[in-house]
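What follows is each chain in one-letter form.
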Amino acid sequence: MTASFSIARRYPCPSRSILLLAFLVSSAVAPGSGVAQEAAGTPEDVAVERSLPADETITATDQVSIGGVVVPYEVTTGTQPVYGDDGSVDAALYYTYYERSDVEDRARRPLVISFNGGPGSGSLWMHLGYTSPKQLIIDDEGYPIQPYGVRDNPHSILDIADIVYVNPVNTGFSRILDPDVDRETFFGAQPDIAYLADWIDVFVSRQGRWPSPKYLIGESYGTMRAAGLAGQLQNSHWMYLNGVILVSPTGLGLDPEGPQPRATVLKLPYYTAAAHYHGQLAPALQGRDLEELLPEVEAFALDEYLPALSRGGSLDERRRQEIAGRVAAYSGLSVQTVLDHNLAVPTNYFWKDLLREEGHTIGRLDSRYLGLDRQDAGDSYDYAPELTSWNHAFAPAINHYLRDELGWKTDLQYYLFGPVNPWSGGNPNYNGGERLRQAMAQNPFLHVMVQSGYYDGATDYFTAKYVLWNMDPSGRLAERMRFEGYRSGHMMYLRAEDLETSNEDIREFIRASLPEDGQPASYGRVGPPPS
């Protein structure tokens, strides 16, 4: 990147933040501690400390080619405070914000706010893997290659939307700054959503983006954040959204009338997908296209498998054998294995057993990945092969990009996964799915899209469908809900083919959720107009 950089530090006052210090240098200058430094000097003169400034950013300019069109942009990275109820600074969140620089009318320009999950995970995954103008260097299937680093992302959504990647407290470089603040202020489903909503309110105000169409995108536990934030922003901050994108969603805290999200019965279609990928199905099933086969397995899971499991020990022996045979056929496991588990084989055993004879385990979050255990015996794998692969590629990429290319100078460790336990603050039964449903009902402009990988065994794709169905049991919101599946895993965008497709799906979703000029947010009338 050949660009000029600026540093800005903000200090809060009752009315607004005051720009206290800004200066330009010819190459990357970066912040040190929260104590103001002399403007004169070179990058080498800037102190680097193992602490975090509460309110400091650096900005650079760059460009990327997306769909053959050159898109110029500014990228701002740094911190913004988390304020306590009394206005004190309790913590600082580290973020990176990409804003297309050749756009004059920000009121029509969508803003996407991006979170990852964990709940203690940094925002690096979708930042360098998915939607931003920068992508980590990996092979076409998502595996690490050397040299590590980043490259331009020709499939970024920056052509149609600005994007901010937010690291919640104790993820990435974000940290608690007040040692006396109660950890339950941040760590728990309800407080997590409350302080992040306030942070977003401040960010949108500082950036002048209140008129813009706004979107949330969350991955994994980030989908619980996004679902809850849709309600929190709308009801407590009067900020209405156009869309929520749920990437590899959790159960969102739903308590449906049927089986619980991610119950074994809902996992069977995922078992089929994983077994199909590794060539473990019988020829009659293996020879069929995956997306043609999966609807058959979904129907069996709900119409036959679920009623059989519901009968428990009262299921007659003939029917038990029939169900075991079908489950074995669809999962690539043996009939005896299915019977030994009373027809419901848990996922940890599946990941260990599917390729046991071949000497491999398969990944939890992406079952395309293979692992090597100390021994073939056992009920679960020694490690998650997909996660070690991702850490291998993402850790050097995010550290290189933020520290070396953008110039953020700190001795703090970038937490891929930070210390956020115990996750016990607020209501332990927080229902994010119901908050999202309420937000959709109250806001006719609000749309929802789910993106799931068929080979994700943790937040499996069929549970994602099930969550959508049961979030809206009346079916009245179905026209504003969309599901997309991909032949990849939890982070479907790591596969080159799905990176292109999934980003294009986001573009289509954003376009479809933007109302025409002058279109009212209204459900219209019931019955004829008055005469």
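Every value quoted in this text rests on a predicted model; they were computed, and no experiment measured them. (Residues numbered from 1 in each chain as written. Predicted model: local features only at pLDDT ≥ 70, side-chain atom pairs only at ≥ 80, totals over all residues. Heavy atoms only, no water.)

**Student:** Which parts of the structure should I look at to understand unusual backbone geometry?
**Tutor:** The bulk of non-glycine residues show a negative phi, and the bulk of peptide bonds are trans. That bond from Gly118 to Pro119 is cis: its omega, 20°, falls within 30 degrees of zero. Residues Gln146 and Pro147 are joined by a peptide bond in cis, for which omega reads 0°. Position of Pro147 among the secondary structure elements: in the loop between strand E7 (134-136) and strand E8 (150-152). Even without a glycine there, the phi angle at Asn170 is positive, about 65°. Residue classification places Asn170 among the buried residues on the basis of a relative accessible area of 7%. Even without being glycine, Ser220 reaches a positive phi, approximately 60°. Position of Ser220 relative to the elements: it lies in the loop between strand E11 (214-219) and helix H3 (221-236). (Helix = DSSP H or I, 4+ residues; strand = E, 2+ residues; numbered from the N terminus. Buried < 20%, exposed > 50% of the residue type's maximum accessible area, 1.4 Å probe, protein only.)

**Student:** What exactly am I supposed to notice about the confidence of the model for the protein here?
**Tutor:** A low pLDDT score tells you not to read the predicted coordinates there in detail. Mean pLDDT over the protein: 91, with 91% of residues reaching 70 or higher. Contacts of residues 1-5 to residues separated by more than four positions or lying in other chains number 21 contacts, the stretch itself having pLDDT below 50. Segment residues 11-47 is flagged for pLDDT under 50; beyond a separation of four residues in sequence, or across chains, it makes 73 contacts in the model. (pLDDT = per-residue confidence, 0-100. Contact = heavy atoms within 4.5 Å.)

**Student:** In this structure, what is going on with the pattern of salt bridges? I would like to understand it.
**Tutor:** Once their charged atoms are close, side chains differing in charge can pair, the charge on each being opposite to the other. Within the structure shown, the criterion is met by 36 salt bridges. Across the pair Asp105 and Arg108 runs a salt bridge whose closest N-O atoms are separated by 3.1 Å. For Arg326, the salt bridge goes to Glu304, with nearest N and O atoms at 3.7 Å. Of this pair, Arg326 sits in helix H7 (residues 317-331) while Glu304 sits in helix H6 (residues 290-310); the two residues are 22 residues apart in sequence, bridging distant segments of the chain. Overall, Glu304 belongs to the partly exposed group, its relative accessible area being 26%. When salt bridges that share partners are traced, they join Glu141, Asp366, Arg368, Arg495, Glu497 and Asp498 into one network. (Salt bridge = Lys/Arg side-chain N within 4 Å of Asp/Glu carboxyl O.)

**Student:** How should I be thinking about the pairing of strand E15 (residues 447-453) in this particular structure?
**Tutor:** Within a regular strand, the side chains alternate between the two sheet faces. Counting buried positions along E15 yields seven of seven residues, so the element is predominantly enclosed. Neither face of E15 is open: one carries His447, Met449, Gln451 and Gly453, the other Val448, Val450 and Ser452, and all of them are buried. Relative to E15, strand E12 (residues 243-247) runs parallel, the two sharing five bridges. Residue pairing in the sheet places Leu246 in a bridge with Val450 of E15. For E15 and strand E16 (residues 481-486), the ladder comprises six bridges, and the chain directions are parallel. Counterpart to Gln451 in the pairing with E16 is Glu484. Once you follow E15 into helix H12 (residues 461-471) and on to E16, the crossover reads as right-handed. (Pairing = 2+ DSSP bridges. Right-handed = clockwise from strand over helix to strand, strands pointing away.)

**Student:** Help me understand the packing of H3 against helix H11 (residues 432-442), please; the structure alone is not making it clear to me.
**Tutor:** The description of two packed helices rests on the angle between their axes and on the distance between the axes. One can describe the packing of H3 onto H11 by two numbers: an axis separation of 8 Å at closest approach and a directional angle of 45°. In terms of orientation, H3 and H11 fall into the oblique class. Note on packing geometry: the crossing formed by H3 with H11 is left-handed. Here Met224, Ala227, Gly228, Ala230, Gly231, Gln234 and Asn235 of H3 lie close against H11, whose contacting residues are Gly432, Gly433, Arg435, Leu436, Ala439 and Gln442. By residue class, the composition of the contact of H3 with H11 is five nonpolar, seven polar and one charged. (Axes fitted to C-alpha atoms, helices over the stretch in contact; angles between N-to-C directions. Parallel < 35°, antiparallel > 145°, perpendicular 65-115°, else oblique. Left-handed = near helix turned anticlockwise from the far one by under 90°. Nonpolar A, V, L, I, M, F, W, Y, C, P; charged D, E, K, R; others polar.)

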